[in-house]
Amino acid sequence: MNALGTSRDSAPAAMPSDARRILVVGSGGAGKSTLARELARQTGLPLVHLDRYFWQPGWVGTPTAQWRSVVADLVAEPAWVMDGNYGGTLDLRIPAADLIVFLDLPRRITIPRVLRRWARWHGRNRPDLAANCPERLDLAFLTWLWRYPSTSRNRLADSIAEHHAGHRVVRLCTPREVRLWLAAVAYSGVPAARP
């Protein structure tokens, strides 16, 4: 077993069919918002894009204390599909989630996706963002994206281990795995964990 509660040697473990709170996490460009939208569509659960709640018009972030209160209110809801990183609120979200979908895709996939997203949406709002937050790309975000595997990913793994949530993690490492897992969810309605 690794810090994310997954083992490459074991068979996929079935996840509860009654999952009502699904948390989608991973690097920028991993496809969190896209996967969350599709899961919400397939399950009928309410969709929560954390970026839409954190960012105020003009890319103004919500102050920390207020943000924690917002997230606490969101996770208190009885059902959701929630996507977003926001490491400062993992302690609120991980314990509340019935299922954690971790998109653990490599930089060779996430960075080109971020660049394509920027080219597609440059100067316009993406549907998962708050109003008046046109798509942007800056050095700080690219630096975070590059460092994600050695910083934010480790904090996520530590938070999952701290909350003993490894058994509730579905870890998907390639676009193909994401597609196959989604197809399985659509077919059976019961998610399955990746070994």
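As a starting point, this report considers the structure included with it. Residue positions are given per chain, counted from 1 along the sequence in the order it is written. Given that the model is predicted, a residue must reach a pLDDT of at least 70 before its local features are reported, and side-chain atom pairs must reach 80 or more before they are shown or counted; all residues, however, enter totals for whole chains, interfaces and linings. To obtain the side-chain values, all non-hydrogen atoms of the structure were included, while hydrogens and water were left out.

### A closer look at the pattern of salt bridges
Turning to step 1, where the next piece is worked out: The term salt bridge refers to a side-chain nitrogen of Lys or Arg lying within 4 Å of a carboxyl oxygen of Asp or Glu. Within the structure shown, the criterion is met by seven salt bridges.
Turning to step 2, where the next piece is worked out: With a closest N to O distance of 2.5 Å, glutamate 38 and arginine 41 form a salt bridge. A residue pair is termed a helical-turn pair when its members lie 3 or 4 positions apart in one helix, as glutamate 38 and arginine 41 do in helix α1 (residues 32-43) at three residues.
Turning to step 3, where the next piece is worked out: Whether a residue is buried, partly exposed or exposed follows from its accessible area with a 1.4 Å probe, protein chains only, as a fraction of its type maximum: under 20%, in between, or over 50%, in that order. Overall, glutamate 38 belongs to the partly exposed group, its relative accessible area being 23%.
Turning to step 4, where the next piece is worked out: Of the charged contacts in the structure, one is a salt bridge between arginine 171 and aspartate 104, with a shortest N-O distance of 2.8 Å. One end of the pair, arginine 171, is in strand β7 (residues 169-172); the other, aspartate 104, is in the loop between β6 (99-103) and α5 (107-121), and 67 residues separate them in sequence. Both residues of the pair, arginine 171 and aspartate 104, belong to the buried class.
Turning to step 5, where the next piece is worked out: One network of salt bridges, with partners in common, ties together Arg117, Arg126, Asp128 and Glu135. Strands are runs of DSSP state E lasting at least 2 residues, helices are runs of H or I lasting at least 4, and numbering of each runs from the N terminus.

### Here's the deal with the layout of surface pockets
A water-sized probe, rolled over the atoms, reveals where empty space remains.
Turning to step 1, where the next piece is worked out: The distinction between a cavity and a pocket rests on a 1 Å grid over the protein atoms alone: a 1.4 Å probe fits inside a cavity but cannot get out, while a pocket stays open yet meets protein on both sides within 12 Å along at least five of seven lines, and a residue with an atom within 4 Å of a point counts as lining. Grid points are joined across faces, edges and corners, and a volume is the space filled by probe spheres set on the points. Volume-wise, the largest pocket comes out at about 1300 Å³.
Turning to step 2, where the next piece is worked out: Along the walls of the largest pocket sit 48 residues, with Gly28, Gly29, Lys32, Arg117 and Arg126 positioned nearest its centre.
Turning to step 3, where the next piece is worked out: Elements represented by at least two residues in the lining of the largest pocket include exactly α1, α2 (50-54), α5, α6 (139-147), α7 (152-162) and α8 (175-188).
Turning to step 4, where the next piece is worked out: When residues in the lining of the largest pocket are grouped by element, the largest group, six residues, is from α5.

### Remarks on α7
Turning to step 1, where the next piece is worked out: Looking only at α7, the buried set comprises Ser152, Arg153, Leu156, Ala157, Ser159 and Ile160. One side of α7 holds all its buried residues, which, seen down the axis, span an arc of 160°. Exposed residues lying more than 90 degrees from the buried face of α7 are Arg155 and Glu162.
Turning to step 2, where the next piece is worked out: We call two residues in contact whenever any of their non-hydrogen atoms come within 4.5 Å of each other. Against the buried residues of α7 lie β1 (21-26), α4 (90-96), β6, α6 and β7.
Turning to step 3, where the next piece is worked out: Immediately downstream of α7, the backbone of histidine 164 shows phi near 50°, a positive value. This arc describes the spread of directions from the helix axis toward the C-beta atoms.

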